Amino acid sequence: MSRPAPTPSRAAAPPDAASRRDSADGARPRIGRVAEVRRRLPARRPRPLLISIYAAVASDGGILGPGERRRLGRFLLRSTPAAVAGAVAAGLAMGLFSDPWLVRWQAAALALLAATLGAVLWRHAHRGGGFPLREQLELGALLLVAAHAVSQASEGLAGPGAPLQPGVYLVMAFLAAYLGRGASLAMAGIAVGLEVAVWYGRGSGHGALLALVARCGFVLLFVALYRVVLATRVAAGRRAEEAAVARRRRELDERAREFRLLSPEGGEHDESRWAEGAVVELEAAVRGVVEVAEQALRSHTCAVFLLSDDDRELRLRECRSASDRVERDAIAAGEGPLGAAVKGRTAVRLAGGVKAAGYYADGTRPGALLAVPIVDRRGDHVRGVLVADRLEDEPFGDADEQLLSRLAAELVRAVQSERLMADLRRTRDESERFYQAIERLNRTAKPREVFDALLELAEGLVAVDFGAVTLCEEEGGRRLHRVVRARGAEGARGLAGLEGLVFEDNPGLVSSAVRLASSLPGKELKVSEAMVFDPATRLKGLATLKVVPLRTGGEVLGTLVVGSRRRAPLDAGALRQLEVVALQAAESVLRARLFEQAERLATTDGLTGLLNHRTFQSRLDEALGLALRYGKKLSFLLCDVDHFKKVNDTHGHPAGDVVLRGVARILAREARSTDVVARYGGEEFALVMPETDAAGALVIAERIREKVEGASFETEQGALRVTLSLGIATCPDDGTAKARLVELADGGLYFAKRNGRNQVVTAEAVRAAKRAAG
């Protein structure tokens, strides 16, 4: 029996010529191109589940597709815990669990709760990770309604009084301690709502209202108490952990100083942390030495005592003993057999009943004792004692002494190895900082950047608390010193007004360092009483100070002044590096000065010191653009010295230069700080006045005109007086284009020239005059 061919849902269109040609040419089938287009289209978002169900029911078949069925299944699974908890809560509100005739129903409900709770826990264990808020709420709600159900069922069986009601409080306490803060608060609200629902389901009688308030109060009290107790315990644990870490770090730093891995004043943070790791390694080496000595010598006690920083006390650092009475506190370094080994710098052997070992708290008298000093070959200093004793009267021999001496030497070699690693690391870090300093100074292009970089590098190289940079200049045959940059930490007082201080040459440290071209002072001095800058300035709160000259070639440009609050002298190696950095800084200062000079020559007029024409044009474009963008006024002023050609022809061009410089000084002095003043060309000058209307510009222009008219310019041919003619144009009143403003201001200037000179004419006045003339 042949199966009929399936009927297509729509008539198949005959292939056109193009599709036949594509197939004949071996092109991809059309269905492949359609699939590719579909892949390129953005993915269609799935419809909400309820809309999909409604569409399926409203359709002819009423059948959900595979995707909708899977989504519906996941939705039902996710909703099951909340549905079960809600159903049981409704049963509690209706009092079904307190009815003794519904025991089977109650057992089934409790079994369903247990199964749902197990499913939630299994899902969490299968997925792993932390509890999200939704699962916390599901778990808490299931446990809470289960506790209420058991309590209500026990009340129905045993009579009023709810003998298992405290179980609800215990569950709440568990949830408050286990769940997060938000879930705990939500559970407290659910618990209170459940109590209210049960009370309302029983008739909401006034007699049970007091019991309701008490139950709700107990629930909230348990939650609050457990949250507070938990937070307190966590905070106490965190504080104890931090205290233990800090105590361990102090112990490690103390051990590092005993092993001479750190200086007595301490070190930088990175150095201290490295020393802690070195101490851990050395402690392991000390334990190994003591263990070997104990096994090889069959000793009762074998211990390592190290000298304190002042070499006055011996402190126990490692011990292996059958006795628990070994002294843990410090003992005097000059007493007993241990003191004899330290002072004599040689091994001490005692036998036949030692009168006083000195390191037993109960005065135990060993039968034999051997103490070997731990001598550091670098400096030939005694660092401690390695001691072994026996209770039996069995003397130590030469071989025992030789073994213990070799173990002490091995301990010293371990310390020296760690020191060598520390020196290598320190040298590497200092070299890296040094080369970084040189590279950074080479990148700076402005003097201010050089000063800031130099002070920051000085702080990194020698760990100073105060720094200042001074420059010296020759002015009128006198040498002046100026503090160009200063910074200091708290405790370095006297900084108020220090930056910008100018003082003449004097016997102070800064002036002397410049004269001698060498670092000062050569020896320690009392900084608070020393004259560093000038007699009126004193630096207080500093214990050490160094002034390093900034030299380049045979010239001293200034000094670098650094100081520290620590009384220990500054490290000689770091100071040498600082002197090299100061040399590089001097080169950078000189290069920055040359850069500033080149920049100034490129942007300013060499005769008057004002902006040149090219720079003025760019500044005018910027100011005009800002005015148009923010809708502000802007006035442009163009002025010209009257009869200037006559001044040049009559008195000479040098006299004309004096006049131009004088007029430029008046313009710069009378202009505001926001105005742009420039030499426009020849004897013409220009001003750009942002946020200034025509009336305001007229006031400023009149003030400038009057100042120039009243000024006298001293030349070799005598005093000269000149006047100015000025023209003003305002944006946007007279136009918004730069060329138009320049044209109108120039028109006002020449209108003033043609009508008597020595006056100010605005573009509006020119237009009014033209209208009046017809």
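Use the structure listed above.
These figures come from a predicted structure and were not determined experimentally. Here the residue numbering is sequential within each chain, running from 1 through the sequence in written order. Local features in this predicted model are restricted to residues of pLDDT 70 or higher, and side-chain atom pairs are both shown and tallied only at a pLDDT of 80 or more, whereas totals for entire chains, interfaces and linings draw on every residue. In computing side-chain values, all of the structure's heavy atoms are included and hydrogens and water are not.

1. Re the pattern of salt bridges
1) Next: Salt-bridge detection follows one rule: a side-chain nitrogen of Lys or Arg within 4 Å of a carboxyl oxygen of Asp or Glu. Taken as a whole and assessed by the stated rule, the structure comprises 34 salt bridges.
2) Next: Here R767 ties to E764 by a salt bridge, and the two come within 2.7 Å at their closest N and O atoms. Residue R767 and its partner E764 are both found in helix α21 (residues 763-772); the two are separated by three residues, about one turn of the helix.
3) Next: Residue E764 is classed as partly exposed on the basis of its relative accessible area of 40%. The helix count covers DSSP runs of H or I at least four residues long, the strand count covers runs of E at least two residues long, and both are numbered beginning at the N terminus. Partly exposed describes any residue whose relative accessible area lies between the buried limit of under 20% and the exposed limit of over 50%, with all areas from a 1.4 Å probe on protein chains only and scaled to the type maximum.

2. Brief notes about the sheet that holds strand β2 (residues 313-321)
1) Next: Two strands are said to pair when DSSP picks up at least two bridges between them. If you walk across this open sheet you meet the six strands as β3-β2-β1-β6-β5-β4, and the pairing is antiparallel. Of all the strands in the sheet, the pair left with one neighbour each is β3 (331-332) and β4 (348-351).
2) Next: Sheet analysis places strand β1 (residues 301-307) next to strand β6 (residues 381-390), joined by six bridges and oriented antiparallel. If you follow T301 over to β6, its bridge partner there is D389.

3. Things to note about helix α5 (residues 103-127)
1) Next: The length a helix should cover is 1.5 Å for every residue beyond the first. Between its first and last C-alpha, α5 extends 36 Å over 25 residues, near the 36 Å set by a 1.5 Å rise per residue.
2) Next: Of the residues making up α5, those classed as buried are Q106, A109, L113, T116, L117, V120 and H124.

4. Things to note about the sheet that holds strand β18 (residues 760-762)
1) Next: Ordered in space as β13-β14-β12-β17-β18, the five strands form an open sheet in which the pairing is mixed. A single partner strand is all that each edge strand has here, and the edge strands are β13 (676-681) and β18. Between one strand and the next, the sheet's axes are offset by a mean angle of 20 degrees, whatever the strand orientation.
2) Next: Relative to β18, strand β17 (residues 724-731) runs parallel, the two being bridged by three bridges. Angular values range over 0 to 180 degrees, each being the angle between N-to-C directions of two axes fitted as lines to C-alpha atoms, with helices fitted over their stretch in contact.

5. Digging into the packing of helix α13 (residues 447-462) against helix α15 (residues 572-603)
1) Next: The interhelical angle for the contact between α13 and α15, taken along N-to-C directions, is 170 degrees, at an axis separation of 9 Å. Taken as axis vectors, α13 and α15 run roughly antiparallel relative to one another. Mapping the contact onto sequence places P447, V450, F451, L454, L457, A458, L461 and V462 in α13 and A574, L575, Q577, L578, V581, A585, S588, V589, A592 and E596 in α15.
2) Next: Residues are grouped as follows: nonpolar covers Ala, Val, Leu, Ile, Met, Phe, Trp, Tyr, Cys and Pro; charged covers Asp, Glu, Lys and Arg; every other residue, Gly included, is treated as polar. Considering only residue class, the contact of α13 with α15 consists of 15 nonpolar, two polar and one charged. Any angle from 65 to 115 degrees is called roughly perpendicular, while one under 35 is roughly parallel, one over 145 is roughly antiparallel, and all others are oblique. The contact criterion used is simple: two residues touch if any of their non-hydrogen atoms lie within 4.5 Å.

6. Description of a nonpolar patch on the surface
1) Next: Excluding any residue in a salt bridge, patches collect residues exceeding 30% relative accessible area, merging like charges within 9 Å and nonpolar Val, Leu, Ile, Met, Phe, Trp and Tyr side chains within 5 Å. Every accessible area reported is derived by Shrake-Rupley at a probe size of 1.4 Å, with residue values counting cover from the shown protein chains alone. Residues F218, L221, L225 and Y226 make up a contiguous nonpolar surface patch of about 380 Å² in total accessible area.
2) Next: By the element assignment, F218 lies in helix α9 (residues 209-258).
3) Next: Using a relative accessible area of 41% as the deciding quantity, one classes F218 as partly exposed.

7. Focus on the environment of L179
1) Next: Tracing the sequence through the fold places L179 in the loop between α7 (166-178) and α8 (181-201).
2) Next: Separated by 42 residues in the primary sequence, L179 and L137 have C-alpha atoms spaced 8.8 Å apart.
3) Next: With near-sequence residues (within four places) excluded, L179 lies in contact with Q136, G140, S184, M187 and R227.

8. Quick word on the packing of aromatic side chains
Two numbers describe a pair of aromatic rings. These are the distance of the centres and the angle of the planes.
1) Next: Between 30 and 60 degrees the pair is tilted, below 30 it is stacked and above 60 it is edge-to-face, where a pair is any two Phe, Tyr or Trp rings, Trp via its six-membered ring, whose centres lie within 6.5 Å. All told, the structure shown has five aromatic pairs when counted by the stated rule.
2) Next: Ring geometry for F503 and F533: centres 6.2 Å apart, planes at 75 degrees, overall edge-to-face. Of this pair, F503 sits in strand β9 (residues 502-504) while F533 sits in the loop between α14 (509-516) and β10 (544-552); the two residues are 30 residues apart in sequence, bridging distant segments of the chain.
3) Next: F503 sits in the buried class, given a relative accessible area of 5%.

9. Quick word on the pairing of β6
1) Next: Summarising burial for β6: nine of the 10 residues are buried, a large majority.
2) Next: Of the pairings in the sheet, the one linking strand β5 (residues 368-376) to β6 comprises nine bridges and is antiparallel in character. Bridge assignment links P373 to a residue of β6, and that residue is V385.

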